Amino acid sequence: MPKLRHRMSKQTYKIAALAGDGIGPEVMREALKVLRAAEGKFGFQLEVTEAAVGWAGIDAAGKALPDETLALCRESDSILFGSVGLPDRDPTIPKEERPERAALLALRKEFGLFANLRPVRLPAELAHACPLKVERQGDGIDMLVVRELTGGMYFGQPKTTETLEDGQQRAIDTMVYTTNEIERIARVAFQSAQLRRQHVTSIDKANVLENGVLWREVVTKVAADFPDITVEHMFVDNAAMQFLLRPTQFDVVLCENMFGDILSDEAAALAGSLGMLPSASLGATSGERTFGFYEPAGGTAPDIAGQDLANPIAQILSAAMMLRHSFNETEAAAAIDTAVATAITAGHRTGDIFSPEDPNAKKATTTQMGDAIAAAI
Ligand code: NAD
């Protein structure tokens, strides 16, 4: 008797691919190549539509975030973003029309992206790229900074500069957090820890700030819902020191907006190159899908743009984060992470992670690195 065939409909994910400026189009091309390899192997379908943003948007449609691009984002399940901004282009353009503000901040606001995830991983083979002594790197640094992105001092009101009676000026910024804002970011951190080494270090300044006291109380309450995760509270000043003294103690690091801004850059320095660092900014979840915005931590790197020299790994790992966090395609995401590790172990190195002292290292172009990773899927 012939076997019955069940026709399973493939999951389809709509992705807006916004490459932007500088190295953006070069590294995006490689990320899409790797995504296509994963699509072939893991049986989902990607509906990718590319659109202009940044100076490319200004050139194409007169705006850093053209209406068509925004409309595409609204009907997509997630955004894979390159980077925008070219410091040497038209310095007379008003600040609010410049791509960094008009495109990036506008998209963050439009999609309510409240959680920023920045994984920092330093494989043992790239120990030379890290500014810390090898003894401090253990078996390799591997942490995830989860930063609250829409609250705290950067957005709190009042925010103003006023002139006092004696002619002095006084600047005021206000740090504000509500229970709900802390709770939702804490949940993202604990859920992320479940996919990693089950440890959260929550950063605050509870010895000085009211915000710190509330932060610690709410995180402690949320922790009760995650008995599989160990939690530790650390003052931000100590955390800044511990990142340099013993970075291997950290798994997931949970921070409010400003502390996260500073600490995620400190953590990034440990990885040696911006070209290795992906990021995700997450919005609300509906059903099984979380709207997300995925981009490399670095910028448009105008010094190397258009020369096939950029490291595409940050963009490729951002695509893997998209599969994991927006689409729950954890196997495919893990396969991309592993393929990146395989390419590095095989010695492929773009200029930013190349060391002439490493006998295993061979220089790779952007394209060659993307090919090696796609082939390893
Ligand atoms: P940058 O991150 O573009 O470059 C800093 C250094 O890191 C450069 O030497 C560059 O060559 C190197 N680098 C960055 N990414 C790399 C990669 N993938 N491979 C190899 N080397 C890489 O920072 P910048 O020079 O200060 O900024 C350039 C432009 O990018 C500016 O207009 C800035 O506003 C913009 N920018 C945009 C974003 C974004 O779109 N999210 C983020 C940061 C900077």
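Provided above is the structure to which this section pertains.
Notes on the structure in this doc start here. Note that the coordinates shown come from a computational prediction; the quantities given were computed from them, not determined experimentally.

Attention now moves to the pairing of strand 6 (residues 160–163). Taken together, the four bridges between strand 6 and strand 7 (residues 169–172) define a ladder with antiparallel strand orientation. Bridge pairing links Thr160 to Ile172 in strand 7. Following strand 6, the chain reverses through five residues before pairing antiparallel with strand 7; Gly167 in that reversal takes a positive phi of roughly 90 degrees.

Inspection of the region around the ligand gives 21 residues, with Val84, Glu100, Gly299, Ala301 and Asp303 positioned closest. Within the side chain of Glu100, an N or O atom sits 2.5 Å from an oxygen atom of the ligand. Between Asp303 and the ligand, the recorded distance is 2.9 Å, taken from a side-chain N or O atom to an oxygen atom. Compared with its free state, where it exposes 810 Å², the ligand has 69% of that area covered by protein. Classifying every residue of the shell around the ligand by side-chain character gives ten nonpolar, seven polar and four charged.

Take the sheet that holds strand 11 (residues 278–286) next. Ordered by their spatial adjacency, ten strands build an open sheet running 2-1-3-12-11-4-5-10-8-9, and the pairing between neighbours is mixed. Edge positions in the open sheet fall to strand 2 (45–50) and strand 9 (230–235), since each of these has one partner strand only. Geometrically, the sheet is characterised by an average inter-axis angle of 20 degrees between neighbouring strands, direction not taken into account. Sheet topology places strand 5 (residues 141–148) next to strand 10 (residues 252–255); four bridges connect them, and they run parallel. Opposite Val146, over in strand 10, you have Leu254 as the bridge partner.

Ranked by size, the top nonpolar core spans 87 residues in total, and within it Leu80 and Met143 carry the most contacts. Considering every element that reaches this core, the biggest residue donor is helix 9 (residues 313–325), with eight residues. Counting only domains with at least three residues in this core, you end up with domain 1 (8–118 + 272–377) and domain 2 (131–270). For Met143, the contacting residues outside a window of four places in its chain are Arg118, Pro119, Val120, Arg196, Phe243, Pro247, Phe250, Asp251, Val253, Ala267 and Leu270. Grouped together as the second largest cluster of nonpolar side chains are 21 residues, Leu72, Ala103, Leu107 and Leu113 included.

Procedures and definitions
- Residues numbered from 1 in each chain as written.
- Predicted model: local features only at pLDDT ≥ 70, side-chain atom pairs only at ≥ 80, totals over all residues.
- Heavy atoms only, no water.
- Pairing = 2+ DSSP bridges.
- Helix = DSSP H or I, 4+ residues; strand = E, 2+ residues; numbered from the N terminus.
- Near = heavy atom within 4 Å.
- Polar contact = N/O pair within 3.5 Å; in protein donor to acceptor, adjacent residues only side chain to side chain.
- Areas by Shrake-Rupley, 256 points an atom, 1.4 Å probe, with all protein chains shown as cover.
- Nonpolar A, V, L, I, M, F, W, Y, C, P; charged D, E, K, R; others polar.
- Axes fitted to C-alpha atoms, helices over the stretch in contact; angles between N-to-C directions.
- Core = buried A, V, L, I, M, F, W, Y, C linked by side-chain atoms within 4.5 Å.
- Buried < 20%, exposed > 50% of the residue type's maximum accessible area, 1.4 Å probe, protein only.
- Domains from an automatic or database assignment.
- Contact = heavy atoms within 4.5 Å.

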